[in-house]
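Observations on chain architecture
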Amino acid sequence: MIFDWLSEESYPLLAGSYGLTYVRDLTPEQVTARLGGRPEELVPMTLKELETEAGRRFHDRGHFFGLTAIGDWTIVVETLGDLAWSEEILAPLSTGTRVVSHAYLDVKGLDNFLWIEDGRLRFAFYPQEGYTEEVPDELAAVMREIETGHWHLDPHDGPAFILAEHLTGITLTPQLVQDAAYRCAFVPRPLPSLVT
């Protein structure tokens, strides 16, 4: 696995069920508000605390996630969550901006990847279906790299991270993920109307 730092030994829940959503030009507060949460209720947590709280809230009816700002991007981190899987949620979130997400669910062996630009799906990898047939010009070179050098890997073992890095300019490293200051929110399910 290329990204073997995301291991069950270090992060038992996150390694088996993660969702990473990158949102350009919106702050964590703005992302929280668009998802129907209350920015003033964001709670600071470490990644370990986020993971523990996600496990505690597993049976609650809602979405629990952490947010951290990296440059012009906000990254939404979930474990045992489903925001990163949902075009229905991410398309309105992407209004006026770019959203890139990838998610993995080990127990079912499912991967998902979405690139949505201002409400329009540009590229995707769907569980058990594979990549969308049309590859945008912006991804042609990186897709050739994946097809020649990483064809044998599942998306969560590298290709999803490579695509996300290409589209966001963010390289997720162990230090970046582990040392980030997260602010966490819980939004009841179903989500309130998304605010754009």
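That block above? That's the structure.
Residues numbered from 1 in each chain as written. Predicted model: local features only at pLDDT ≥ 70, side-chain atom pairs only at ≥ 80, totals over all residues. Heavy atoms only, no water.

1. Side note on the overall build of the chain
For the chain, the count of helices and strands is seven helices and nine strands. In the chain, 67% of the contacts between residues at least 6 apart in sequence involve partners at least 24 apart. For the chain, the accessible area works out to roughly 9500 Å², and carbon and sulfur atoms hold 50% of it. (Helix = DSSP H or I, 4+ residues; strand = E, 2+ residues; numbered from the N terminus. Contact = heavy atoms within 4.5 Å. Areas by Shrake-Rupley, 256 points an atom, 1.4 Å probe, with all protein chains shown as cover.)

2. Considering a nonpolar patch on the surface
Side chains of Leu-13, Phe-58 and Leu-80 sit close together on the surface and give an oily, nonpolar patch of about 240 Å² of accessible area. Take Phe-58: it is sitting in the loop between helix H3 (47-56) and strand S3 (62-70). (Patch = residues over 30% accessible without salt bridge, like charges linked within 9 Å, V, L, I, M, F, W, Y side chains within 5 Å. Salt bridge = Lys/Arg side-chain N within 4 Å of Asp/Glu carboxyl O.)

3. With respect to the packing of aromatic side chains
For the coordinates displayed, the defined rule picks out three aromatic pairs. Here the aromatic rings of Tyr-18 and Tyr-104 are separated by 6.3 Å at their centres, their planes lie at 45 degrees, and the arrangement is tilted. On the criterion of sequence distance, the pair formed by Tyr-18 in strand S1 (residues 17-24) and Tyr-104 in strand S5 (residues 98-105) is long-range, its members being 86 residues apart. Judged on exposure class, the residue Tyr-18 and its partner Tyr-104 are both buried. Ring centres 6.5 Å apart and planes at 65 degrees place the aromatic pair Phe-113 and Phe-123 in the edge-to-face group. Of the two residues, Phe-113 sits in strand S6 (residues 110-117) while Phe-123 sits in strand S7 (residues 120-126), which places them 10 residues apart along the sequence. (Phe/Tyr/Trp six-rings, centres within 6.5 Å; stacked < 30°, edge-to-face > 60°. Buried < 20%, exposed > 50% of the residue type's maximum accessible area, 1.4 Å probe, protein only.)

4. Quick word on the environment of Leu-83
Considering the arrangement of structural elements, one finds Leu-83 in the loop between strand S4 (73-79) and helix H4 (87-93). Sequence separation of Leu-83 and Gly-19 is 64 residues, and the distance between their C-alpha atoms is 7.3 Å.

5. So, H3
Of the residues making up H3, those classed as buried are Leu-47, Leu-50, Glu-51, Glu-53 and Ala-54. Seen end-on, H3 carries its buried residues on one side only, within an arc spanning 165 degrees. Counted as exposed and oriented over 90 degrees from the buried face of H3: Thr-52 and Arg-56. Where the residues of H3 are buried, they touch helix H1 (12-16), strand S2 (43-45), S3, S4, helix H7 (174-179) and strand S9 (182-188). (Arc of directions from axis to C-beta.)

6. Points about unusual backbone geometry
Peptide bonds are, in most cases, trans, and in most cases residues other than glycine have a negative phi. Its identity is not glycine, yet Asp-25 carries a phi of approximately 65 degrees, on the positive side. Take Asp-25: it is sitting in the loop between S1 and helix H2 (28-34). Taking relative accessible area as the criterion, Asp-25 reaches 52% and is therefore assigned exposed. Unusually for a residue other than glycine, Asp-118 sits at a positive phi of about 45 degrees. Relative to the helices and strands, Asp-118 is located in the loop between S6 and S7.

7. A few points about the pairing of S9
Examined bridge by bridge, S2 and S9 share three bridges and lie antiparallel to one another. From the neighbouring strand, Met-45 faces S9, where its bridge partner is Tyr-182. Here S3 pairs with S9 via six bridges, running antiparallel. For Gly-62, the partnering residue across the bridge sits in S9 and is Pro-188. (Pairing = 2+ DSSP bridges.)

Geometric descriptors of this kind do not, in isolation, establish any biological role.
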